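# Residue-level structure breakdown
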Amino acid sequence: MASINCYQTISDIPESQGKEVLLKILNSPKADCDKLKKIAADYEKKALEMMQAESREQQ
(Lines give C-alpha, C1' and ligand atoms only; values in the text may rest on other atoms or scores of the structure.)
Protein backbone atom coordinates (compact mmCIF):
# COMPACT_ATOMS: atom_id res chain seq x y z
CA MET A 1 0.00 0.00 0.00
CA ALA A 2 1.43 3.36 -0.98
CA SER A 3 1.91 5.95 1.71
CA ILE A 4 1.56 9.70 1.44
CA ASN A 5 4.57 11.70 2.57
CA CYS A 6 4.59 15.36 3.53
CA TYR A 7 5.86 16.41 0.08
CA GLN A 8 2.93 15.05 -1.91
CA THR A 9 -0.10 17.11 -2.82
CA ILE A 10 -3.72 16.11 -3.29
CA SER A 11 -3.21 16.11 -7.07
CA ASP A 12 -0.44 13.48 -6.63
CA ILE A 13 -2.90 11.02 -5.12
CA PRO A 14 -4.47 8.77 -7.78
CA GLU A 15 -8.24 9.01 -8.27
CA SER A 16 -9.85 6.51 -5.92
CA GLN A 17 -12.59 6.14 -3.37
CA GLY A 18 -10.06 6.97 -0.65
CA LYS A 19 -9.17 10.27 -2.31
CA GLU A 20 -12.86 11.10 -2.66
CA VAL A 21 -13.43 10.48 1.06
CA LEU A 22 -10.34 12.50 1.98
CA LEU A 23 -11.52 15.45 -0.10
CA LYS A 24 -14.99 15.30 1.48
CA ILE A 25 -13.41 15.40 4.94
CA LEU A 26 -11.05 18.24 4.06
CA ASN A 27 -13.82 20.27 2.44
CA SER A 28 -16.42 19.72 5.15
CA PRO A 29 -17.35 22.70 7.33
CA LYS A 30 -15.88 22.97 10.82
CA ALA A 31 -18.13 21.76 13.62
CA ASP A 32 -19.74 24.35 15.87
CA CYS A 33 -18.40 22.93 19.15
CA ASP A 34 -20.37 25.31 21.36
CA LYS A 35 -23.64 24.32 19.69
CA LEU A 36 -22.77 20.61 19.95
CA LYS A 37 -21.91 20.98 23.66
CA LYS A 38 -25.27 22.68 24.28
CA ILE A 39 -27.11 19.89 22.44
CA ALA A 40 -25.22 17.26 24.47
CA ALA A 41 -26.02 19.06 27.74
CA ASP A 42 -29.71 19.23 26.77
CA TYR A 43 -29.75 15.48 26.02
CA GLU A 44 -28.01 14.72 29.32
CA LYS A 45 -30.54 16.83 31.21
CA LYS A 46 -33.48 15.09 29.51
CA ALA A 47 -31.95 11.65 30.12
CA LEU A 48 -31.43 12.44 33.79
CA GLU A 49 -35.03 13.64 34.12
CA MET A 50 -36.27 10.44 32.45
CA MET A 51 -34.18 8.25 34.77
CA GLN A 52 -35.41 10.13 37.83
CA ALA A 53 -39.03 9.78 36.67
CA GLU A 54 -38.58 6.03 36.11
CA SER A 55 -36.96 5.72 39.53
CA ARG A 56 -39.92 7.49 41.17
CA GLU A 57 -42.40 5.22 39.33
CA GLN A 58 -40.61 2.09 40.59
CA GLN A 59 -40.80 3.18 44.23
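All residue numbers refer to position in the chain's written sequence, counted from 1. This being a predicted model, a pLDDT of at least 70 is required before a residue's local features are given, and a value of 80 or more before pairs of side-chain atoms are given or counted; all residues contribute to the totals for chains, interfaces and linings. Side-chain numbers come from the whole structure's heavy atoms, not from hydrogens or water.

What follows is about the overall build of the chain. Looking only at helices and strands, the chain has 2 helices and 0 strands in total. Considering the chain as a whole, with its 59 residues, one finds that 3% of them fall into the buried category. Here the chain displays about 6,000 Å² of accessible surface, and carbon together with sulfur accounts for 57% of that area. Each helix is a run of H or I in the DSSP string that is no shorter than four residues. Each strand is a run of E no shorter than two, and both are numbered from the N terminus. Classification of residues uses two cut-offs on accessible area relative to the type maximum, computed with a 1.4 Å probe and protein chains only: under 20% is buried, over 50% is exposed, and between them is partly exposed. Only the protein chains shown count as cover for residues, with accessible areas throughout obtained via the Shrake-Rupley method and a probe of 1.4 Å.

What follows concerns a nonpolar patch on the surface. To count toward a patch, a residue needs a relative accessible area over 30% and no salt bridge; like charges are then connected within 9 Å, while nonpolar side chains (Val, Leu, Ile, Met, Phe, Trp, Tyr) are connected within 5 Å. Think of a salt bridge as a Lys or Arg side-chain nitrogen and an Asp or Glu carboxyl oxygen that are within 4 Å of each other. On the surface, Leu36, Ile39 and Tyr43 cluster together into a nonpolar patch covering about 310 Å² of accessible area. Its location among the elements puts leucine 36 in helix H2 (residues 33–58).

Here we come to H2. Given the number of residues in a helix, its expected span is that number minus one, multiplied by 1.5 Å. Given a rise of 1.5 Å per residue, 26 residues ought to cover 38 Å, and the 37 Å separating the end C-alpha atoms of H2 matches this to within 8%. Counting buried positions along H2 yields 0 of 26 residues, so the element is predominantly exposed.

Read these as geometric descriptors, not functional statements.
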